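Summary of structural features
Spelled out, the chains give:
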Amino acid sequence: MWVCSTLWRVRTAARQWRRLLPASGCHGPAASSYSASAEPARVRALVYGHHGDPAKVVELKNLELAAVGGSDVHVKMLAAPINPSDINMIQGNYGLLPELPAVGGNEGVAQVVAVGSNVTGLKPGDWVIPANAGLGTWRTEAVFSEEALIQVPSDIPLQSAATLGVNPCTAYRMLMDFEQLQPGDSVIQNASNSGVGQAVIQIAAALGLRTINVVRDRPDIQKLSDRLKSLGAEHVITEEELRRPEMKNFFKDMPQPRLALNCVGGKSSTELLRQLARGGTMVTYGGMAKQPVIASVSLLIFKDLKLRGFWLSQWKKDHSPDQFKELILTLCNLIRRGQLTAPACSQVPLQDYQSALEASMKPFMSSKQILTM
């Protein structure tokens, strides 16, 4: 069933891709079927025709926008981030791969330009984000089916809207779905300066949870620590500090965490497991170290620890579109209350995509690259 669902999503993404045809001068159906002119429009898009190094295989191309059908929505992309999953997809080592050639990008925010005659839930001017991965958001304009989009309020910051559909959703679900945490409980995580990590800090603080945030040591560690604490982090420690024997004294003043969030793997994930309370859960949602999770037999037997995984695309498969919309609205309410902000971002014009791709793959990069159209 999972394979069938994944194939359906990939084929849906491929159909969305085929809406963008090489410039040929062809014209679409009559303008009466939608609210904008049927004249073909030029679109700039970041396209890759085969898998490999994103900086080498991604190209900026001029494409032609197909006409809007009855159930379609014509959007102008406003901003789209570069996420690790985008990089993995281009490299060809992600769990969801669209047919090639494909437009890069799985996340972003767009403004509705025109709607088809059968579209009832959206109107020109609305802000929308993709409902699922694989649509290809690194382009100036697009035509998508109404069901492929979710409306978001336009009164939230642009960067928050552009980065709403992946990292904050992952953070919220991991905090809510694996352990029944109560205010005052603690959570430990690695890669705490990542997009998900920053969202975990803020959402946990809003829920009254205390966070222990592990980061790699670096020259500007104090600056990073101060920034994460400004988001609501209670403790920021390095990987090296986590391994020290003194950590056993750390939990005299706070409860041992029942939830650990792992985006790294390798030794880092082993150290997270060591800090968990008996019966606790470690959730793995990434593997930055490209090393396996190693759990000692004693921890599994004598502490009865649980190892779980999380993938937002799978969560969406297991839940209804309305449940995902409800999640988005919950996060938007946190944004409005000032309890959730966008991660540290660097806005880069679409034409400067190569520098943005290269920056997104550098180590210790704390600023998310966001392409602006």
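Each remark here, short or long, concerns the structure printed above.
Below or above, wherever it landed, is the structure these notes cover. These numbers were taken from a predicted model, which means no experiment stands behind them. Counting restarts for each chain, with residues numbered from 1 along the sequence as it is written. Local features are withheld for residues below a pLDDT of 70 in this predicted model, meaning they are given only at 70 or higher, and side-chain atom pairs are given and counted only at 80 or more; totals for whole chains, interfaces and linings count all residues. The basis for every side-chain value is the complete set of heavy atoms in the structure, and neither hydrogens nor water enter the calculation.

Focus on the overall build of the protein
Secondary structure assignment for the protein yields 13 helices and 18 strands. Accessibility here uses a 1.4 Å probe with only protein chains present; expressed as a share of the type maximum, an area under 20% marks a residue as buried, one over 50% as exposed, and anything in between as partly exposed. Expressed as a percentage of its 373 residues, the buried residues of the protein come to 53%. Across the protein, every contact between residues at least 6 apart in sequence was considered, and the portion connecting residues at least 24 apart equals 73%. When the accessible surface of the protein is split by element, carbon and sulfur atoms take 53% of a total near 16,500 Å². Under the scheme used here, helices are H or I runs from DSSP no shorter than 4 residues and strands are E runs no shorter than 2 residues, and both carry numbers assigned from the N terminus. Contacts are assigned to residue pairs that have any heavy atoms within 4.5 Å of one another. Residue burial considers only the protein chains on display, and all accessible areas are found by Shrake-Rupley using a 1.4 Å probe.

Focus: empty space enclosed by the protein
Whether a set of points on the 1 Å grid over the protein atoms alone is a cavity depends on a 1.4 Å probe fitting there but being unable to get out, while an open set qualifies as a pocket with protein on both sides within 12 Å along at least five of seven lines; lining residues are those with an atom within 4 Å of a point. Grid points are joined across faces, edges and corners, and a volume is the space filled by probe spheres set on the points. On inspection of all chains with the given rule, the structure shows four cavities of 30 Å³ or more. Size it by volume and the largest cavity reaches roughly 90 Å³. Along the walls of the largest cavity sit 14 residues, with Thr163, Pro168, Thr341, Ala342 and Pro343 positioned nearest its centre. Of all the secondary-structure elements, those providing two or more residues to the lining of the largest cavity are helix 5 (167-177) and helix 6 (195-206).

What to know about the sheet that holds strand 16 (residues 306-309)
Being paired, for any two strands, means DSSP has found at least two bridges between them. Taken in spatial order, the six strands line up as 12-11-10-13-14-16 in an open sheet, and their pairing is parallel. Each edge of the open sheet is held by one strand with a lone partner, namely strand 12 (235-238) and strand 16. When the angles between neighbouring strand axes are averaged without regard to direction, this sheet yields 20°. Bridge count between strand 13 (residues 259-262) and strand 14 (residues 281-284): four bridges; the pairing is parallel. Within strand 14, the residue paired with Asn262 across the bridge is Thr284. Axis lines are fitted through C-alpha atoms, for helices just across the contact stretch, and the angle between N-to-C directions can take any value from 0 to 180 degrees. The sheet contacts of helix 7 (residues 221-231) involve strand 11 (210-215) and strand 12, and relative to strand 12 the element is tilted by about 150°.

Structural notes on helix 3 (residues 84-91)
Listed in full, the buried residues belonging to helix 3 are Ser85, Asp86, Ile87, Met89 and Ile90. Phi turns positive, to about 90°, at Gly92, one or two residues after helix 3.

Brief notes about the nonpolar core
The set of buried Ala, Val, Leu, Ile, Met, Phe, Trp, Tyr and Cys residues whose side-chain atoms join them within 4.5 Å is what this entry labels a nonpolar core. If you look at the biggest cluster of nonpolar residues, it comprises 45 residues, and the most contacted ones within it are Val109, Leu175, Ile203, Leu261 and Leu331. When residues of this core are assigned to their parent elements, the largest contribution, seven residues, is made by helix 12 (residues 321-336). In this structure, Tyr48, Val348, Leu350 and Leu371 belong to the second largest nonpolar core, which totals 19 residues.

Some thoughts on helix 6
A helix's residues, less one, multiplied by 1.5 Å, set its expected span. Under the 1.5 Å per step criterion, the end-to-end length of helix 6 is 17 Å for 12 residues, consistent within 8% with the ideal 16 Å. Counting buried positions along helix 6 gives 10 out of 12 residues, so the element sits mostly inside the fold. The complete set of buried residues in helix 6 reads Gly195, Val196, Gly197, Gln198, Ala199, Val200, Ile201, Gln202, Ile203 and Ala204. For helix 6, the secondary structure elements touched by its buried residues are helix 5, strand 10 (186-189), strand 11, helix 7, strand 13 and helix 12.

Examining the side chain of Asn83
Turning to its location among the elements, Asn83 is positioned in the loop between strand 4 (72-81) and helix 3. Identification of polar contacts relies on pairs of N or O atoms within 3.5 Å, with a donor-acceptor requirement for protein atoms, meaning one able to donate a hydrogen and the other able to accept it, and with residues adjacent in sequence counted only if both atoms are side-chain atoms. A distance of 2.7 Å separates a polar atom in the side chain of Asn83 from a polar atom in the side chain of Glu107. Not counting residues within four places of it along the chain, the set of residues in contact with Asn83 comprises Glu107, Val166, Asn167 and Lys368.

A look at the side chain of Gln275
Relative to the helices and strands, Gln275 resides in helix 9 (residues 266-275). With relative accessibility at 7%, the residue Gln275 sits in the buried group. Contacts of Gln275, omitting those with residues within four sequence positions, involve Ile188, Leu242, Met247, Phe251, Gln256 and Pro257.

Examining the pairing of strand 12
Sheet topology places strand 11 next to strand 12; four bridges connect them, and they run parallel. Each residue of the ladder has a partner; that of Val215, found in strand 12, is Thr238. If you view a crossover with the strands going away from you and the path from the first strand over the helix to the second runs clockwise, you call it right-handed. Taken together, strand 11, helix 7 and strand 12 form a β-α-β motif whose crossover is right-handed.

Some thoughts on the packing of helix 5 against helix 12
Direction vectors running N to C along helix 5 and helix 12 enclose 100°, while the axes themselves pass 10 Å from each other. Of the possible angle classes, the one that applies to helix 5 and helix 12 is roughly perpendicular. Between helix 5 and helix 12, the residues in contact are Pro168, Cys169, Tyr172 and Arg173 and Phe324, Leu327, Ile328, Thr330 and Leu331, respectively. Note on residue categories: nonpolar means Ala, Val, Leu, Ile, Met, Phe, Trp, Tyr, Cys or Pro, charged means Asp, Glu, Lys or Arg, and polar means any other residue, Gly included. Considering only residue class, the contact of helix 5 with helix 12 consists of seven nonpolar, one polar and one charged. Throughout this description, any angle smaller than 35 degrees is read as roughly parallel, any larger than 145 degrees as roughly antiparallel, any in the 65 to 115 degree range as roughly perpendicular, and the remainder as oblique.

A look at the pattern of salt bridges
A pairing counts as a salt bridge when a side-chain nitrogen of Lys or Arg comes within 4 Å of a carboxyl oxygen of Asp or Glu. With the rule as written, the count across this model stands at 10 salt bridges. Linking Asp126 and Lys123 is a salt bridge whose minimum nitrogen-to-oxygen distance equals 3.0 Å. Ionic pairing is found between Arg274 and Glu271, a salt bridge with its closest N-O pair at 2.7 Å. Taken as a pair, Arg274 and Glu271 lie in helix 9 at a separation of three residues, close to a single helical turn. What makes Glu271 buried here is its relative accessible area of 10%.

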